[in-house]
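# Summary of structural features
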Amino acid sequence: MANQIAAGEVIERPASVVKELVENALDADARQITVEIQAGGRSCIRVFDDGLGMSRDDALLCLERHATSKIRTAHDLEAITTMGFRGEAIPSIASVSRFSLTTRDRESDSPEATQIVIHGGRILEVKSAGHAPGTTVEVRQLFYNLPARRKFLRSEETERAHVQHYVTVAALAHPRVGFTLKQDQRIVWQLPPVPAGQTQLEALRQRLHMLLGEGLPLVPVDHSSTLPSDGPDEEPDRESTDRSPGLRFWGFIGAPGVSRGNRQDQHLFVNRRPVENRGLNHALLEGYHTSLMKGRYPVCCLFLEIDPALVDVNVHPAKREVKFRHEALVRRIAAQAVREALLRFHTGPAPAASPTDAPAIRPAPSTLPTPTGDECQPPAPDPCLPLTPVSTRFLPLPTPRPDAPVKTPTPDHSPTTVPIAPPPASPAPPAPGDRADGVTPLLRIPLRLLGVVGKLYAVFESDRGMVLMDQHAAHERVLYEQMLDRMEQTGAPSQRLLLPETVELSARDAQFLRENLDHLGRLGVGLSEFGDRTFLLDALPPFVTAPNAKRFVLELLDELMQSGRDVNALRLGEQTIAKTVCRHAVKAHDPLTAPELEKLVSDLRSCAMPYTCPHGRPTLIELSHRDLERKFGRIA
């Protein structure tokens, strides 16, 4: 009865059995794992591995509750390095199924293996058998002795999908292990182990291509940092960096524009263990920031390598959730790693600039559209935006960042960057600075302007296919980053209110706001203490058009509290800034000349995140030659 109760916590469905058995195989140093299921795992589950195997005594002992060879003292629980450690899986599975275990010790000289047959937790037979070094576990008729649990199993297709999902996750976590999945005597896929000579990123990329195909553009992530060895959850002291435990965040994320409507394609691992952690999910979204539309989720396969003593994997009975000792710090480091990877994706190797500067973009008065509605009315001058008359739609770029690539012409005056020019007489050469990971950003290849569709979408040609650019979204991104750069350099301007207002908060919110008055001051919000829990609001940024100033401050405070400590104050007003630049950007059906479009793409190349507008919508869409051939039926 105790084993059946334990099975209720550990064994939820056939996929749970597969998970426990595969984890045991990985802990046994297996290099090849085969998973076979029938009827979605309801009738039969068989897992074979070529791991260390067990002797007869160990095989009998592993059927006892909490008997495990993976921890030896209580101190081992503080730094768990194996996938399993409870000793519950085998006895729990055996108590609710017709169970068979066949194992042979890899290091034993004896050719005999041991086979144990158990039905419902009762040992029926122990005998010698023939078997290769390793272990085979066969589980038939899961929950046959618990009808109440069996009737809660889903259809065969649903259970089969859960099994396949877990085996896919395990294959991603261990690319140097070969995996074979069979369903109803049919091989679903067979993944050979990645050769040992490749790096971790190369091995993971190869495994991702095996499982997901090569059409998904991926961005590599590889970030290392340090954590405090003890003490409160704060940044490590510089003097103790060498003595602090290390943290590495690496893997792949989808390129800008690649997203899904749910988190099913997000694979997060902590020390090779697939986990669910709300902090890491938020960090992923924080890293993408304006590169994702609202309601969309990134695609990723990311690994967090951390000192086992700083993570608790013993939170959930099925080990799905983990807790970090320095939760907030891990979250910030993960967000920083994703953000840096996206920035590197666009910048990459620095190409040289064209020897001829792009013409200034000042559309002739005759090309300006006649306002026909509220959307086309010229907005009022905004002191935060460097806007001159409305006819000057494109703003001058701000001073380049210190880490921005320097663009210089080559000695022979041949353009080595990605100029936008009429199609040359000969095919354009490949884009310089192709990255080692095989992904060349779209704005790092030559583009040739062909025309405009619907006075909104500019059409370009490249040696990879066709590119469409949304002129409104692209201009939004340019204005947005220019405004943020100006705020970072000089801070947001502030406009005094005609009548100051008082804001009264709870004791906790008042203390939090008191600690962050400097952040709000840089944003242009004038707040000062006016009592124990009361603050005086006397100024707001001029680009804020909120009818209720007090409500705007309260919403800003909520954003600050959600963002956590050490947040950049400029991030708090980005939503308002995005709305502001949306009003100033060129609209749909505003006709732009070829020089204007060329200057827009040139400005877009200078942006840190050029592939999405501030709301996360794509600025550029690429259709490769292969996509076009598939559309026209030239290829399958």
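Residues numbered from 1 in each chain as written. Predicted model: local features only at pLDDT ≥ 70, side-chain atom pairs only at ≥ 80, totals over all residues. Heavy atoms only, no water.

## Overview of the side chain of S95
Summarising the element assignment, S95 is placed in helix α4 (residues 89–95). Here S92 takes part through its backbone oxygen, which lies 2.7 Å from a polar atom of the side chain of S95. (Helix = DSSP H or I, 4+ residues; strand = E, 2+ residues; numbered from the N terminus. Polar contact = N/O pair within 3.5 Å; in protein donor to acceptor, adjacent residues only side chain to side chain.)

## With respect to the side chain of T34
Considering the arrangement of structural elements, one finds T34 in strand β1 (residues 32–38). Not counting the four nearest positions on each side in its chain, T34 is found in contact with R46, V47, F48 and T180. (Contact = heavy atoms within 4.5 Å.)

## Remarks on the packing of helix α10 (residues 471–490) against helix α16 (residues 594–605)
When two helices pack together, their arrangement is given by the angle between the helix axes and by the axis-to-axis distance. Remark: α10 packs on α16, axes separated minimally by 9 Å, with the N-to-C direction vectors making an angle of 45°. Viewed along their axes, α10 and α16 adopt a mutual orientation that is oblique. The chirality of how α10 crosses α16 is left-handed. Mapping the contact onto sequence places Q471, A474, H475, R477 and V478 in α10 and L597, L600, D603 and L604 in α16. For the contact of α10 with α16, the residue count by class is five nonpolar, two polar and two charged. (Axes fitted to C-alpha atoms, helices over the stretch in contact; angles between N-to-C directions. Parallel < 35°, antiparallel > 145°, perpendicular 65-115°, else oblique. Left-handed = near helix turned anticlockwise from the far one by under 90°. Nonpolar A, V, L, I, M, F, W, Y, C, P; charged D, E, K, R; others polar.)

## Side note on the packing of aromatic side chains
This model, assessed by the stated rule, comprises three aromatic pairs. Taking the centre distance of 4.6 Å and the plane angle of 15° together, the rings of W250 and F303 count as stacked. You can see W250 sitting in strand β10 (residues 246–254) and its partner F303 sitting in strand β15 (residues 300–306), a full 53 residues away along the chain. When its relative accessible area of 2% is taken as the criterion, F303 is described as buried. Site record: aromatic cluster; members linked through ring pairs are W250, F269 and F303. The aromatic ring of Y144 is capped on one face by R98, whose charged end is 4.1 Å from the ring centroid. When the ring centre of F303 is taken as reference, the NZ or CZ atom of R272 above it lies at 5.1 Å. (Phe/Tyr/Trp six-rings, centres within 6.5 Å; stacked < 30°, edge-to-face > 60°. Buried < 20%, exposed > 50% of the residue type's maximum accessible area, 1.4 Å probe, protein only. Lys NZ or Arg CZ within 6 Å of the ring centre and 35° of its normal.)

## Things to note about the pattern of salt bridges
Summed over the entire model, instances satisfying the criterion amount to 25 salt bridges. Note that K182 is salt-bridged to E36, the shortest N-O span being 3.9 Å. Residue K182 is found in strand β7 (residues 178–183), and its partner E36 is found in strand β1; the two are separated by 146 residues along the sequence. The salt bridge partner of R617 is D470, with a shortest N-O separation of 3.5 Å. (Salt bridge = Lys/Arg side-chain N within 4 Å of Asp/Glu carboxyl O.)

## Re the confidence of the model for the chain
Per-residue pLDDT for the chain has a mean of 78; in total, 77% of the residues score no lower than 70. Here residues 231–243 scores under 50 on pLDDT; set against residues more than four positions off or in separate chains, the count is 19 contacts. Throughout residues 349–437 the model reports pLDDT below 50, and contacts reaching past four residues in sequence, or to other chains, amount to 141 contacts. (pLDDT = per-residue confidence, 0-100.)

## Some words on the sheet that holds strand β18 (residues 448–453)
The strand order β18-β19-β20-β24 describes an open sheet built from four strands, whose pairing is antiparallel. In this open sheet, the two strands that pair with only one neighbour each are β18 and β24 (620–624). Strand-to-strand twist of the sheet, defined as the mean angle between neighbouring strand axes without regard to direction, takes the value 25°. The pairing of strand β19 (residues 457–462) with strand β20 (residues 465–470) spans six bridges and is classified as antiparallel. Paired with E461 across the strands is M466, a residue of β20. Sheet strands touched by α16: β18, β19, β20 and β24. Its angle to β20, the strand with the most contacts, is close to 90°. (Pairing = 2+ DSSP bridges.)

## Examining the sheet that holds strand β21 (residues 495–504)
Pairing is antiparallel across the open sheet formed by three strands, whose spatial order is β21-β23-β22. Two strands close off the open sheet at either side, each with one partner strand: β21 and β22 (526–529). Adjacent strand axes in the sheet meet at a mean angle of 20° when their direction is disregarded.

## So, the nonpolar core
In this structure, I253, V270, L302, I306, F324 and M469 are the most contacted members of the largest nonpolar core, which totals 72 residues. Here the element with the most residues in this core is helix α9 (residues 327–347); it accounts for ten residues. In contact with I306, not counting residues within four places along its chain, are L227, G246, L247, V270, N271, V311, F324 and V330. Listed in part, the 43 residues of the second largest apolar core include A7, L26, V35 and A171. (Core = buried A, V, L, I, M, F, W, Y, C linked by side-chain atoms within 4.5 Å.)

## Focus: unusual backbone geometry
The phi angle at N271 is positive, at roughly 50°, despite the residue not being glycine. Assignment of secondary structure puts N271 in the loop between β12 (266–270) and β13 (273–274). For N271, a relative accessible area of 27% translates into the label partly exposed.

## Examining the environment of G524
Mapped onto the fold, G524 is located in the loop between α12 (517–522) and β22. Separated by 37 residues in sequence, G524 and M487 place their C-alpha atoms 9.8 Å apart.

## Brief notes about helix α2 (residues 14–27)
With 14 residues, α2 should cover 20 Å at 1.5 Å per step; its first-to-last C-alpha distance of 20 Å lies within 8% of that length. Burial of α2 is extensive: twelve of the 14 residues sit out of reach of the surface. Listing the buried residues of α2 in full gives P14, A15, S16, V17, V18, K19, E20, L21, V22, E23, A25 and L26. Looking one or two residues past α2, D29 carries a phi angle of roughly 65°, positive in sign. (Expected span 1.5 Å × (residues − 1).)

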